[in-house]
Amino acid sequence: MSQLLLLHGPNLNLLGEREPGIYGDLSLAGIEKACQDKAEKLGHSLRCFQSNSEGALVDAVHAARHDCAGVIINAGAYTHTSVALHDAFRGTRLPFVEVHLSNVYAREAFRHHSYLSAIAIGVICGFGPQGYDFALEALARKIADEAKVEG
């Protein structure tokens with residue numbers, strides 16, 4: 001059983017309250033519980049972390065290199081601004097999937113650029129909370145494939 005990390009960036013602690021027409025009415029706790037259940041079904045454990053601080057998210061990525069096989073991240077607004085998160089993922093070489101609840105390409109132009117997409121194993125956006133299911137399945141498959149190659 002591998003440990004995975006689910007990271008949530010700024011303002012995602014307001015899920016369920018903040019712009020439900022865009023982000024839905026499910027709380028962050030609800031999303032995390034569903035993700036933990038899904039991870040267990042896939043044979044993994046899942047640690048969840050949310051911060052409005054870029055540095056705390058970078059620290060979480062750094063720490064994950066010691067005990068996590070991969071990461072799912074919804075970096076929120078840091079997706080579009082954070083070279084630091086980009087560098088943290090490059091430096092740790094952790095496989096990760098970038099997730100967004102909304103379709104960022106149907107929104108403001110500044111949301112169309114991501115500092116993470118080019119180095120992620122995949123990007124999922126616009127499917128609401130179901131995007132996390134897709135990300136967990138993809139990350140679990142990637143980890144299993146890498147284990148076969150190494151084994």
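Located above this text is the structure these notes cover.
As a convention, each chain's residues are numbered from 1 in the sequence order in which they are written. Local features in a predicted model are, by the rule used here, given only for residues with pLDDT of at least 70; side-chain atom pairs are given and counted only at 80 or more, and totals for whole chains, interfaces and linings are based on all residues. For side-chain calculations, the full set of non-hydrogen atoms in the structure is used, while hydrogens and water are omitted.

Draft legend 1. Broad picture of the overall build of the protein. Scanning the protein from terminus to terminus reveals five helices and five strands. The numbering of helices and of strands both runs from the N terminus, where a helix is a DSSP run of H or I of at least 4 residues and a strand a run of E of at least 2. The helix and strand sequence of the protein, counted from the amino end, reads β-α-α-β-α-β-α-β-β-α. Each radius of gyration is computed over the set of C-alpha atoms, and the globule rule expresses the reference value as 2.2 Å times the number of residues to the power 0.38. By the compact-globule yardstick of 15 Å for 151 residues, the protein fits well, its C-alpha radius of gyration being 14 Å. Seen along its three principal axes, the alpha-carbon backbone of the protein occupies a region of about 45 × 30 × 25 Å. A burial count over the protein gives 44% of its 151 residues as buried. Note on areas: Shrake-Rupley, 1.4 Å probe, and residue coverage restricted to the protein chains presented here. Roughly 7400 Å² of accessible area belongs to the protein as shown, and the carbon and sulfur atoms make up 51% of that amount. Counting rule for charge: Lys and Arg are taken as positive, Asp and Glu as negative, and neither His nor the chain ends is counted. For this purpose, a charge sits on NZ of Lys, CZ of Arg, CG of Asp or CD of Glu. One finds the centroid of the 13 positive side-chain charges in the protein at a distance of 4 Å from the centroid of its 17 negative side-chain charges. Buried residues are those whose accessible area, probed at 1.4 Å on protein chains only, stays under 20% of the maximum for their type, while exposed residues exceed 50% and partly exposed ones sit between those limits.

Draft legend 2. Representation of the sheet that holds strand 5 (residues 122-125) in the model. For two strands to count as paired, DSSP must find a minimum of two bridges between them. Pairing is parallel in the open sheet, where five strands are placed in the order 2-1-3-4-5. Every interior strand has two partners, whereas the edge strands, strand 2 (44-50) and strand 5, have only one. Geometrically, the sheet is characterised by an average inter-axis angle of 20 degrees between neighbouring strands, direction not taken into account. As paired strands, strand 4 (residues 96-100) and strand 5 are joined by four bridges and run parallel to one another. For V99, the partnering residue across the bridge sits in strand 5 and is I124. Note on contacts: a residue pair qualifies if any of its non-hydrogen atoms lie within 4.5 Å across the two residues. Lines fitted to C-alpha atoms define the axes here, with helix axes fitted over just the stretch in contact, and angles between the N-to-C directions of these axes take values from 0 to 180 degrees. Lying over the sheet, helix 3 (residues 54-64) contacts strand 1 (2-8) and strand 2, oriented at roughly 170 degrees with respect to strand 1. Strand contacts of helix 5 (residues 130-150): strand 1, strand 2, strand 3 (70-74), strand 4 and strand 5, with the helix running at about 160 degrees to strand 3, the strand carrying the most contacts.

Draft legend 3. The packing of aromatic side chains, seen in detail. In summary, the pairing rule links any two rings of Phe, Tyr or Trp, Trp by its six-membered ring, whose centres are within 6.5 Å, and it sorts them by plane angle into stacked for under 30 degrees, edge-to-face for over 60 and tilted for everything else. Scanning the model with the defined rule gives two aromatic pairs in all. Where F89 meets F96, the ring centres are 3.9 Å apart and the plane angle is 25 degrees; that geometry is what we call stacked. Here F127 and F134 contribute two aromatic rings whose centre-to-centre distance is 5.3 Å and whose plane-to-plane angle is 80 degrees, an arrangement assigned as edge-to-face. Given the relative accessible area of 29%, F134 is considered partly exposed.

Draft legend 4. Structural context of the environment of I22. Its place among the elements puts I22 in helix 1 (residues 20-23). According to the relative accessible area criterion, I22 is partly exposed, its value standing at 34%. I22 sits 85 residues away from R107 along the chain, and the two C-alpha atoms are 9.9 Å apart. Leave out the neighbours within four places in its chain, and I22 touches S102 and R107.

Draft legend 5. Examining the pattern of salt bridges more closely. Salt bridge criterion: a side-chain nitrogen from Lys or Arg within 4 Å of a carboxyl oxygen from Asp or Glu. Enumeration over the complete set of coordinates arrives at four salt bridges. A salt bridge links K33 to D37; the nearest nitrogen and oxygen atoms lie 2.8 Å apart. Of this pair, K33 and D37 both sit in helix 2 (residues 28-41), four residues apart, which is roughly one turn of that helix. With a relative accessible area of 32%, D37 lands in the partly exposed category.

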